[in-house]
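Results of the structural survey
Below are the chains, spelled out letter by letter.
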Amino acid sequence: MAQFGLCALLLFSVLVHHIKSHIRKEDKTGEKERPNFIIILADDIGWGDLWVNRPENSTPTPWLDALKLKGKRFTDFHSPASTCSPSRAALLTGRHGLRNGVTHNFAVQSAAGLPLNETTFAQLLHDAGYYTAMIGKWHLGHNGSYNPVHRGFDYYFGIPYSNDMGCTDEPGLDLPSCPPCVLNQYTNRKHEGCYTQVALPLFENETIIEQPLDTWSLKDRYARVAVEQIFTASISKQQPFLLYVALAHMHVPLFHNTFLNVTTQDPYTASLSDMDSLVGTIMQAVSTEQLKNTLIWFTGDNGPWEQKCQFAGHVGPFVGRWQTSRGGGSAKRTTWEGGHRVPTVVTWPKKIKPNSTSSALLSGLDIFPTILSLAGVKPPSDRRYDGIDITYILLNDSDEGHKSLMHPNSGAAGQFGDLQTVRLKHHKAFYITGGSMACGGGSGQQQYHDPPLVFDLSQDEAEETPLNPESEEYRSVLKEVEREREALLWDIATDRVSSADYTMIPAAVPCCQPHNPACRCHSLKSGGDVIWSC
């Protein structure tokens, strides 16, 4: 593993040197003004994991700290949903799950994915002359036409879903701890909460190239491929590019560079440092003068997975105390702030003011219209969108974002995808509440609220004490909340909406060698003997 890391580092150095030496200053006519886009999506990251006060010289994330200093940090930025597939579908389409059809997660056995009549920003940029590549977690369908290379990406390298949805030979850190993949057909190993029978696959385009993959080397492999794709776009093809990097960090099972000196008490910080190193590699690759016209957008898909305890991130001050005092967690899968408020920064040299901050109310839904606008590309006009173009906010000192923002139910309570939590400026209304599984067990009961609970986040970011329903402030806010919510629900009801197919069949499981245990299809040596090999 150490040898692999050294090789990756050497290859990276060679590729970056080649980029700096050979990128031509003259781009194709008409393309030199169009920016490159790098979207980096962290998994299960907490708002409090980055850019918080730490003792001097103790940061595990120097590259991400540098990214913040180079760009604009958004302190009130929200993932489109509080769980994986719906958040990613909304980010790629600019539409809520009630419009794009993806309201909950796809599974290993899912036959379909993001509905084929939904259009991603990758498809639109590709059609406009961009080179488009994706690295990492897709989780929007892995079979046939649902694969990323059929959804607008010229190239794909990564895991088709979450990195806990398959076994590996050297499992990462998780709670509960999961066993390695079975090695022979006589082993019948079952472990609650773990995938033991099918190994985690690594795809390149539509081909499984390794199963099970080695997650401990994943950061180095993603870094190498990221540099290669930037090289391909900027040198070989001379095209503006979109690189979408959907990290496995910080989802369990955690993993990190084996060179790090990690204690068992601090694996999360080690994984943060590993993620930071990958981001740093990407930042270095676009640091040349000829690639200065590159916008980097770092954000998260949802908040931390609290039931994983020491292997979960931190929500900062957004603890959802009303819920936690009644039982259950208030982060991932919930509509409390910890579930969807995520650390976000955007950089663009000579365009975005360095080391600036905005408190504008924004969402991952806004990525779609914003990058299309910057690229001069118009989205399809036969459907409606929930994101807004935030170009003005990026380029100016502005805190004017959404007036209102809806947070879809994501598993803790209510029907998946329903919009029963409403943000209105600094107020937030809950028509339903429920807690996810907390560290140590226990989840909060689902409760409907009529009239809704309303919190003033400007005074109560912990969401502890709702406003008095008899107060003038409450009545004024409720009237506006109802107006905003009803308008959006009517807009969705009269829109062109999609319906995702959540059918699950055994044949849909990614398996490169069905006759081998756990679908194994790479060489595994034990005492010098090859046990299985395709």
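Notes on unusual backbone geometry
The omega torsion across His-249 and Met-250 is 10°, close enough to zero to call that bond cis. Within the element layout of this structure, Met-250 appears in the loop between strand 8 (241-246) and helix 7 (267-285). Phi angles above zero are rare outside glycine, and Arg-333 is one such case at about 80°. Of note, Arg-333 is situated in the loop between helix 8 (321-324) and helix 9 (337-340).

Some points on the environment of Ala-122
With respect to the helices and strands, Ala-122 occurs in helix 5 (residues 121-127). Using a relative accessible area of 0% as the deciding quantity, one classes Ala-122 as buried. Linking Ala-122 and Arg-151, residues 29 residues apart in sequence, is a C-alpha distance of 7.1 Å.

Observations regarding the packing of aromatic side chains
According to the stated counting rule, one finds 14 aromatic pairs in the structure shown. Centroid distance Phe-74 to Phe-77: 6.5 Å. Interplanar angle 45°. Geometry classified as tilted. Judged by relative accessible area, Phe-74 falls into the buried class, the value being 1%. Owing to a relative accessible area of 1%, Phe-77 belongs among the buried residues under this scheme. With a centroid separation of 5.8 Å and 85° between ring planes, the pair formed by Phe-430 and Phe-455 is classed as edge-to-face. Placement of the pair is Phe-430 in strand 15 (residues 427-433) and Phe-455 in strand 16 (residues 447-456), with a sequence separation of 25 residues. Of the two residues examined, Phe-430 and Phe-455, each falls in the buried class. Three or more aromatic residues joined by ring pairs form one cluster here, namely Trp-322, Trp-336, Phe-430 and Phe-455. Sitting over the face of the ring of Trp-305, Lys-308 holds its NZ or CZ atom 4.6 Å from the ring centroid. Sitting above the plane of the Trp-322 ring, Arg-326 keeps its charged end 4.0 Å from the centroid.

Concerning the sheet that holds strand 11 (residues 356-358)
Strand order across the open sheet formed by ten strands is 7-6-5-4-8-1-9-10-2-11, with mixed pairing between neighbours. With one partner strand each, in any of the chains shown, strand 7 (207-210) and strand 11 form the two edges of the open sheet. Each adjacent strand pair in this sheet contributes to an overall mean axis angle of 20°, direction not counted. Note: strand 4 (residues 131-136) against strand 8, six bridges, orientation parallel. Across the sheet, Gly-136 pairs through a bridge with Ala-246, a residue of strand 8. Across the sheet, helix 6 (residues 218-236) lies against strand 1 (36-42), strand 4, strand 5 (155-158), strand 6 (202-204), strand 7 and strand 8, angled at about 180° from strand 4, the strand it touches most.

Section: the sheet that holds strand 15
Sheet strands line up and pair through hydrogen bonds in the backbone, either parallel or antiparallel. Sheet architecture is open: four strands sit in the order 13-14-15-16, paired in antiparallel fashion. Of all the strands in the sheet, just strand 13 (404-408) and strand 16 have a single pairing partner and so form its edges. Strand-to-strand twist of the sheet, defined as the mean angle between neighbouring strand axes without regard to direction, takes the value 20°. Bridging between strand 13 and strand 14 (residues 419-424) involves five bridges; their strand directions are antiparallel. Within the sheet, the bridge partner assigned to Leu-405 lies in strand 14 and is Arg-423. Those strands touched by helix 12 (residues 472-493) are strand 13, strand 14, strand 15 and strand 16, and its axis lies near 125° from that of strand 14.

As for the state of the cysteines
In this structure the tally under the stated criterion is five disulfides. Paired through a disulfide, Cys-167 and Cys-181 show a sulfur-sulfur distance of 2.1 Å. Taking the torsion about the sulfur-sulfur bond, which here is approximately 110°, the covalent link between Cys-167 and Cys-181 counts as right-handed. Placement of Cys-167 in the loop between strand 5 and strand 6 and of Cys-181 in the loop between strand 5 and strand 6 is noted, with a sequence separation of 14 residues between them. Note on Cys-167: relative accessible area 3%, which makes it buried.

Cut-off values and rules
- Residues numbered from 1 in each chain as written.
- Predicted model: local features only at pLDDT ≥ 70, side-chain atom pairs only at ≥ 80, totals over all residues.
- Heavy atoms only, no water.
- Helix = DSSP H or I, 4+ residues; strand = E, 2+ residues; numbered from the N terminus.
- Buried < 20%, exposed > 50% of the residue type's maximum accessible area, 1.4 Å probe, protein only.
- Phe/Tyr/Trp six-rings, centres within 6.5 Å; stacked < 30°, edge-to-face > 60°.
- Lys NZ or Arg CZ within 6 Å of the ring centre and 35° of its normal.
- Pairing = 2+ DSSP bridges.
- Axes fitted to C-alpha atoms, helices over the stretch in contact; angles between N-to-C directions.
- Contact = heavy atoms within 4.5 Å.
- Disulfide = S-S within 2.5 Å.

Shape descriptors only; they carry no functional weight alone.
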